[in-house]
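Secondary and tertiary structure notes
Take a look at the letters that make up each chain.
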Amino acid sequence: MKKKIAHITDIHLDEIFVQKQGISARTRLKKVLQHISSYHINEIVCTGDIGEDTGLSFFFKVCRKFNLSITLGNHDSYLKVINHIPSKISVTSKLYYSKEENQHKFIYLDSSSGEIDTLQLIWLQKELISEKQIIIFIHHPILKLSLKVDEIGALKNRNEVHNLLIKQTNNITVFCGHYHLNNTSTYKNITQHITPATSFQIKKHTDKIEIDSKYYGYRIIELNEAGISTKTQFVNDTN
């Protein structure tokens with residue numbers, strides 16, 4: 001079994017802050033999707049921060065030719081996004097779910113409130129009971145980074161989620177966004193990949209937040225019998 005997935009995150013469509021940076025988030029999303037198509041990848045996971053209400057219809061329209069899965073970020077509203085994906089309606093008003101495919105189990109978490117709420121944690125604990133390799137998609141990182149952006153934007157109950165994951169006997173791979181940068185880190189059985197934003201990046205400073213609007217990107221995830229491999233793809237307005 002060989003499978004390729006494109007991971008996109010932090011698109012921020014039609015947001016005033018992004019526009020003030022001289023960035024067209026719509027143009028950048030379309031260019032990233034073209035880039036993904038050039039690799040003949042038809043499956044995409046978006047880990048949130050899609051953008052303003054006016055951008056939602058555009059997002060789901062341009063992504064319609066892909067097999068799309070999403071999680072929600074702190075800029076997203078469940079009630080507004082769910083209008084575009086009614087099959088995922090949940091009685092908890094949160095968008096979290098799982099699926100299994102061959103030797104992998106995919107878990108999609110909703111951190112739109114800035115935390116993983118109690119009901120979701122209980123659900124997650126049950127979902128982690130599996131002999132398969134766990135792959136988690138979530139907006140917020142779970143492993144700590146020594147950066148200013150982590151200091152101000154961390155998941156509120158990160159320690160609870162972290163402690164739950166390290167109790168598991170199987171390996172867990174986390175794909176996330178939120179911090180607008182490219183980073184890979186490991187701790188015990190957890191490997192975490194932060195994917196660069198489709199809109200703009202944040203430079204890796206420990207003492208300040210500084211925007212880098214030149215580059216944007218996504219991640220290619222490849223699954224096969226040997227395990228998981230991944231590479232970051234950066235795009236700019238000239239390539």
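Remember, it's a predicted structure, so these values are computed and weren't measured experimentally. (Residues numbered from 1 in each chain as written. Predicted model: local features only at pLDDT ≥ 70, side-chain atom pairs only at ≥ 80, totals over all residues. Heavy atoms only, no water.)

**Points about the sheet that holds strand E13 (residues 227–235)**
Ordered in space as E3-E2-E1-E12-E13, the 5 strands form an open sheet in which the pairing is mixed. The two strands at the open ends of the sheet, each matched to only one other strand, are strand E3 (67–70) and E13. Neighbour to neighbour, the strand axes of the sheet diverge by 25° on average, direction disregarded. Pairing of strand E2 (residues 43–46) with E3 involves 4 bridges; the strand directions are parallel. By the bridge assignment, Ile-44 is partnered in E3 with Leu-68. Against the sheet, helix H3 (residues 53–62) touches strand E1 (3–8), E2 and E3, its axis set at about 140° to E3. (Pairing = 2+ DSSP bridges. Helix = DSSP H or I, 4+ residues; strand = E, 2+ residues; numbered from the N terminus. Axes fitted to C-alpha atoms, helices over the stretch in contact; angles between N-to-C directions. Contact = heavy atoms within 4.5 Å.)

**Concerning helix H2 (residues 25–38)**
With 14 residues, H2 ought to run about 20 Å at 1.5 Å a step, and its terminal C-alpha atoms sit 20 Å apart, in line with that. Along H2, the residues classified as buried are Ala-25, Arg-28, Leu-29, Lys-31, Val-32, Leu-33 and Ile-36. Packed against the buried residues of H2 are E1, helix H1 (16–20), E2, H3, strand E12 (216–224) and E13. Backbone geometry just after H2 places His-40 at a positive phi near 60°. (Expected span 1.5 Å × (residues − 1). Buried < 20%, exposed > 50% of the residue type's maximum accessible area, 1.4 Å probe, protein only.)

**Observations regarding the sheet that holds strand E7 (residues 172–176)**
Strand pairing within a sheet occurs via backbone hydrogen bonds; the two strands may be parallel or antiparallel. What the 6 strands build is an open sheet, ordered E4-E5-E6-E7-E9-E8; its pairing is mixed. The open sheet has two edge strands with one neighbour each: strand E4 (97–101) and strand E8 (183–187). Put simply, the sheet's adjacent strands are angled 15° from each other on average, direction ignored. The sheet contact formed by strand E6 (residues 133–137) and E7 spans 4 bridges and is parallel. Of the residues in E7, the one forming a bridge with Ile-135 is Thr-173. Those strands touched by helix H5 (residues 118–127) are E4, strand E5 (104–108) and E6, and its axis lies near 180° from that of E5. Helix H7 (residues 158–166) rests against E6, E7, E8 and strand E9 (190–194) of the sheet, and its axis sits at about 135° to E9.

**Describing the layout of surface pockets**
Quantified by volume, the largest pocket comes out at close to 290 Å³. Taken together, 18 residues make up the lining of the largest pocket; nearest its centre are His-75, Val-149, His-178, His-180 and Ile-202. The set of elements that each furnish at least two residues to the lining of the largest pocket consists of H1 and helix H6 (148–153). Considered class by class, the residues forming the lining of the largest pocket number 9 nonpolar, 6 polar and 3 charged. (1 Å grid on protein atoms, 1.4 Å probe; cavity = no way out; pocket = protein on both sides within 12 Å on 5 of 7 lines; lining within 4 Å. Points joined across faces, edges and corners; volume = space filled by probe spheres on them. Nonpolar A, V, L, I, M, F, W, Y, C, P; charged D, E, K, R; others polar.)

**Here we look at H3**
All buried positions along H3 are accounted for by Gly-55, Leu-56, Phe-58, Phe-59 and Phe-60. On its buried face, H3 sits against E1, H2, E2, E3 and helix H4 (78–81).

**What to know about the packing of H2 against H3**
Running from amino to carboxyl end, H2 crosses H3 at an angle of 15°, the nearest separation of the two axes being 11 Å. On the basis of the axis angle, H2 is roughly parallel to H3. The two elements H2 and H3 meet at a crossing, and its hand is right-handed. Note on element contacts: H3 touches H2 through Thr-54, Gly-55, Phe-58, Phe-59 and Val-62, opposite Arg-26, Leu-29, Lys-30 and Leu-33. Of the residues that constitute the contact of H2 with H3, the class distribution is 5 nonpolar, 2 polar and 2 charged. (Parallel < 35°, antiparallel > 145°, perpendicular 65-115°, else oblique. Left-handed = near helix turned anticlockwise from the far one by under 90°.)

**Some points on the pattern of salt bridges**
The final tally for this structure, using the stated rule, is 14 salt bridges. For Glu-101, the salt bridge goes to Lys-3, with nearest N and O atoms at 3.1 Å. Here Lys-3 lies in strand E1 and Glu-101 lies in strand E4, a separation of 98 residues in the sequence. Taking the relative accessible area as the measure of exposure, Glu-101 reaches 25% and is therefore partly exposed. With a closest N to O distance of 2.9 Å, Asp-14 and Arg-26 form a salt bridge. (Salt bridge = Lys/Arg side-chain N within 4 Å of Asp/Glu carboxyl O.)

**Section: the packing of aromatic side chains**
Ring pairs (aromatic) are described by centroid distance and by the angle formed between their planes. What the rule picks out here adds up to 7 aromatic pairs. With a centroid separation of 5.1 Å and an interplanar angle of 85°, the aromatic rings of Phe-59 and Phe-60 are classed as edge-to-face. For the pair formed by Phe-59 and Phe-60, the shared burial category is buried. Ring centres of Tyr-97 and Tyr-108 lie 4.5 Å apart, and the angle between their planes is 15°; this geometry places the pair in the stacked category. Placement of Tyr-97 in strand E4 and of Tyr-108 in strand E5 is noted, with a sequence separation of 11 residues between them. Take Tyr-97: its relative accessible area is 14%, and that puts it in the buried class. Accessibility expressed as a relative area gives 1% for Tyr-108, which makes it buried. Within the aromatic cluster, the residues linked to one another by ring pairs are Tyr-97, Tyr-108, Phe-137 and Phe-175. Cation over ring: Arg-26 sits above Phe-58, and NZ or CZ is 4.5 Å from the ring centre. Lys-99 extends its terminal NZ or CZ atom over the ring of Phe-106, reaching a point 6.0 Å from the ring centre. (Phe/Tyr/Trp six-rings, centres within 6.5 Å; stacked < 30°, edge-to-face > 60°. Lys NZ or Arg CZ within 6 Å of the ring centre and 35° of its normal.)

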